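Take a look at the letters that make up each chain.
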Amino acid sequence: MRWIGVVMAGIGADRAEAEGMTRRGYEMPPYAVQGVEGAREVRDYRPRVVAEVTVRGDRRAAVNTGFGLLAGYIFGGSDGGGKIAMTVPVEQQNQGHGLWVVRFTMPAAAVAAGLPTPRDGRIVLREAPAARMVVEGFSGMPEGEDMAARAAGLKAWAEGRGLQVVGGPVYAFYDAPWTPAAARLNEVAWEVR
């Protein structure tokens, strides 16, 4: 990929493996960084198991509702009543017509042990396939217009480098609502080929 301005130094010319990554003590899905240009990265994500729910509403209301439903599942709202560790990020993807998918990645240990069935039938457990994503991280409060503008800019950037955008955008939120805006990590991402 000749367009990549910076290759992760000291960890291999073709990829950097993010194994066992965490943010503030919360497990993150593993990925390999294929290249970096400023605040943008090309990442290869492995297959992973996710819990997701589709909700209707504006972006902010949908992520709040979806988070509540998924948190209910991991904090004991399952057939066995057992708890599952929280992970980051909380992901959100627009499905059109006011519908949003909100998703948590399930922690590796819980997947290995066998995930309990959610009591709430709106929650779906599924395997998300491996994916190559272009990602832009930023701090601040994630507002709708800013998120849409960032998504459009990232898509244009990817296409300008010959990458075919095949899905997205996906919005990712890593920090609790009480985290100061300057300390937050948010991301916007597109799946590419």
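Structure: see above.
Anyway, here's the lowdown on the structure attached to this text.

The rules behind each value
Residues numbered from 1 in each chain as written. Predicted model: local features only at pLDDT ≥ 70, side-chain atom pairs only at ≥ 80, totals over all residues. Heavy atoms only, no water. Helix = DSSP H or I, 4+ residues; strand = E, 2+ residues; numbered from the N terminus. Buried < 20%, exposed > 50% of the residue type's maximum accessible area, 1.4 Å probe, protein only. Contact = heavy atoms within 4.5 Å. Pairing = 2+ DSSP bridges. Phe/Tyr/Trp six-rings, centres within 6.5 Å; stacked < 30°, edge-to-face > 60°. Lys NZ or Arg CZ within 6 Å of the ring centre and 35° of its normal.

### Let's talk about unusual backbone geometry
The peptide bond linking V88 to P89 adopts the cis configuration, its omega dihedral lying at 0°. The residue P89 is located in the loop between α1 (59-74) and β7 (90-96) in this model. In the segment running from G168 into P169, the intervening peptide bond is cis, with an omega of 0°. Secondary-structure assignment places P169 in strand β11 (residues 165-173).

### Re the environment of M106
As for its position among the elements, M106 is in the loop between β8 (99-105) and α2 (108-113). By relative accessible area, which is 4% here, M106 ends up buried. Sequence separation between M106 and A62 is 44 residues; the distance between their C-alpha atoms is 20 Å. Excluding residues within four positions of it along the chain, M106 makes contact with V49, V50, A51, Y73, I74, I84, T87, V111 and L115.

### A look at the pairing of strand β5 (residues 40-45)
Within β5, five of the six residues are buried, which leaves the element mostly enclosed by the surrounding structure. Relative to β5, strand β4 (residues 31-37) runs antiparallel, the two being bridged by six bridges. Looking at the pairing, V36 lines up with E41 of β5. Two successive antiparallel strands, β4 and β5, enclose a turn made up of two residues, where G38 displays a positive phi of approximately 65°.

### A short note on the packing of aromatic side chains
Going through the model one piece at a time under the given rule, you end up with three aromatic pairs. A centroid spacing of 5.1 Å and a plane angle of 50° characterise the contact between Y31 and Y45, whose relative ring orientation is tilted. With Y31 in strand β4 and Y45 in strand β5, this pair connects stretches of sequence that are 14 residues apart. We note that Y31, like Y45, is buried. Over the aromatic face of Y31 sits the side chain of R43, whose NZ or CZ is 4.3 Å from the ring centroid. The cationic tip of R48 hangs over the ring face of Y45; the distance from NZ or CZ to the ring centre is 5.9 Å.

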